[in-house]
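One letter stands for each residue in the lines below.
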Amino acid sequence: MALGAFLAGMIVGQTDFSARAASDALPMKDAFAVLFFVSVGMMFDPFTVWNQWPLLLVTVAVILIGKPLAALVVVLWLGWSVRSAAVIAVALAQIGEFSFILSALGLSLGIVPSEATSVLVGASMVSITLNPVLFRLIDPTLAWCEARGWLQPVKPDPEQHVPEVNMAPDGVIVVGYGPTGRLITRLLQNHGIKVCVVETNPRTAQSIKAQGLESVQGDASRREILLQAGAPTASGLIISAKTTQAPEVVRVGRELNPRMRIITTATYINETEALRAAGADEVLTAEGEIALVMASRILQELGFDGSRMEREISKARLAILGSVTDGKTTPAPRPLE
């Protein structure tokens, strides 16, 4: 069952639903991680480990020395650099859930004695505790060996590459691909701005990718989805879709990138306060924009000249959108770079 779940995860990870599946499974993942470590702690018997300390030392040696050495030799044989081989070796210098699954299977078949479980738990605790320390020692150790001429200067692997990000730096994230989202996306692309669209509808997300656009399928209020869309490096976040999750999208976006310009929409004017409190730079409301368009038409019919009409519309915009409170005007929002 565990192996089947692992293979299913590998398959889902290669599909367009990977980001959404990862974000939806995150709460369950955290819960199972807690249950796993609680169950491991309950299996630990310190008296058995004390009595079986020679076996514990041998087990720890296999985990921290045997496995890493085997991995180091294989990776070097494949032609990768020493540093890459060291990183992979150290990453394998610990044991995980499958070790306990195999241990439980061995107990049920009578192959592994019951005392071995406590020794395995003790060895896992030691390896998990030491693993971060080993990672920190990789670069100093390699530098020490290079300084004595034991190693050639580390060069990057030709096969290594930086994982592609869905959106180039200084791009814009557009949430929703309805009529408004499509128009905004087209305008941004026409001006040479990179765009990544976040869309909840799977079919729409697939059609976006078919058009050659960057797209992430999932709920934009999830941190993992905005990370996948490139929020930490984006210059703007535009929420074009009407959603009750807009304040959460704004909050998560602002948390991931405090410098990002965030523009969102709202149906009613009384919704703007919550969105601004969440961190939105500008909130456009259907009520407010319709009122402004109607006001400009009326002023035009009354014969107002351009400059005077523009002043009146600016005053109306500040009043309608709630930008003037207690006689203080909020500062102008930052423009999109």
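Residues numbered from 1 in each chain as written. Predicted model: local features only at pLDDT ≥ 70, side-chain atom pairs only at ≥ 80, totals over all residues. Heavy atoms only, no water.

Points about the nonpolar core
Working step 1: If you look at the biggest cluster of nonpolar residues, it comprises 25 residues, and the most contacted ones within it are I173, V175, V198, L237, V250 and L275.
Working step 2: Taken together, the elements giving at least two residues each to this core come down to β1 (172-175), β2 (195-199), α11 (223-229), β4 (236-239), α12 (246-256), β5 (261-266) and α13 (272-278).
Working step 3: Element by element, the count of residues in this core is highest for α12, at 5 residues.
Working step 4: Discounting chain neighbours no more than four positions away, the residues touching V175 are V198, A220, L237, I238, I239, S240, A241 and V249.
Working step 5: Counting residues in hydrophobic clusters, the runner-up holds 12 residues, among them V40, I95, V119 and L120. (Core = buried A, V, L, I, M, F, W, Y, C linked by side-chain atoms within 4.5 Å. Buried < 20%, exposed > 50% of the residue type's maximum accessible area, 1.4 Å probe, protein only. Helix = DSSP H or I, 4+ residues; strand = E, 2+ residues; numbered from the N terminus. Contact = heavy atoms within 4.5 Å.)

With respect to the sheet that holds β4
Working step 1: Judged by pairing direction, the sheet is parallel, and its 6 strands sit side by side in the order β3-β2-β1-β4-β5-β6 without closing on themselves. Of all strands in the sheet, those with a lone pairing partner are β3 (214-217) and β6 (282-285), marking the two edges. Averaged over all pairs of adjacent strands, the angle between strand axes in this sheet comes to 15 degrees, irrespective of strand direction.
Working step 2: Packing of helix α9 (residues 179-190) onto the sheet brings it into contact with β1, β2 and β4, and relative to β1 it is tilted by some 165 degrees. (Pairing = 2+ DSSP bridges. Axes fitted to C-alpha atoms, helices over the stretch in contact; angles between N-to-C directions.)

Some details on the pattern of salt bridges
Working step 1: Evaluation of the coordinates by the stated rule reveals 6 salt bridges.
Working step 2: For D139, the salt bridge identified is with R83, shortest N-O distance 3.0 Å. Taken together, the residues span a long stretch of sequence, with D139 in helix α8 (residues 138-147) and R83 in helix α5 (residues 82-91) at a distance of 56 residues.
Working step 3: Across the salt bridge formed by R251 and E255, the nearest N and O atoms sit 3.2 Å from each other. On the criterion of helical spacing, the pair formed by R251 and E255 is a turn pair, its members being 4 residues apart in helix α12.
Working step 4: One network of salt bridges, in which partners are shared, links R223, E248, R251 and E255. (Salt bridge = Lys/Arg side-chain N within 4 Å of Asp/Glu carboxyl O.)

Overview of the confidence of the model for the protein
Working step 1: With 87% of its residues at a pLDDT of at least 70, the protein reaches an overall mean of 80.
Working step 2: Contacts for the low-pLDDT stretch residues 156-168, under 50 throughout, to residues beyond four places or in other chains number 22 contacts.
Working step 3: Confidence drops under pLDDT 50 across residues 323-335; counting only partners more than four residues distant or on other chains, this segment forms 18 contacts. (pLDDT = per-residue confidence, 0-100.)

A closer look at the pairing of β2
Working step 1: Within β2, 5 of the 5 residues are buried, which leaves the element mostly enclosed by the surrounding structure.
Working step 2: Relative to β3, β2 runs parallel, the two being bridged by 4 bridges. Across the sheet, C196 pairs through a bridge with E214, a residue of β3.

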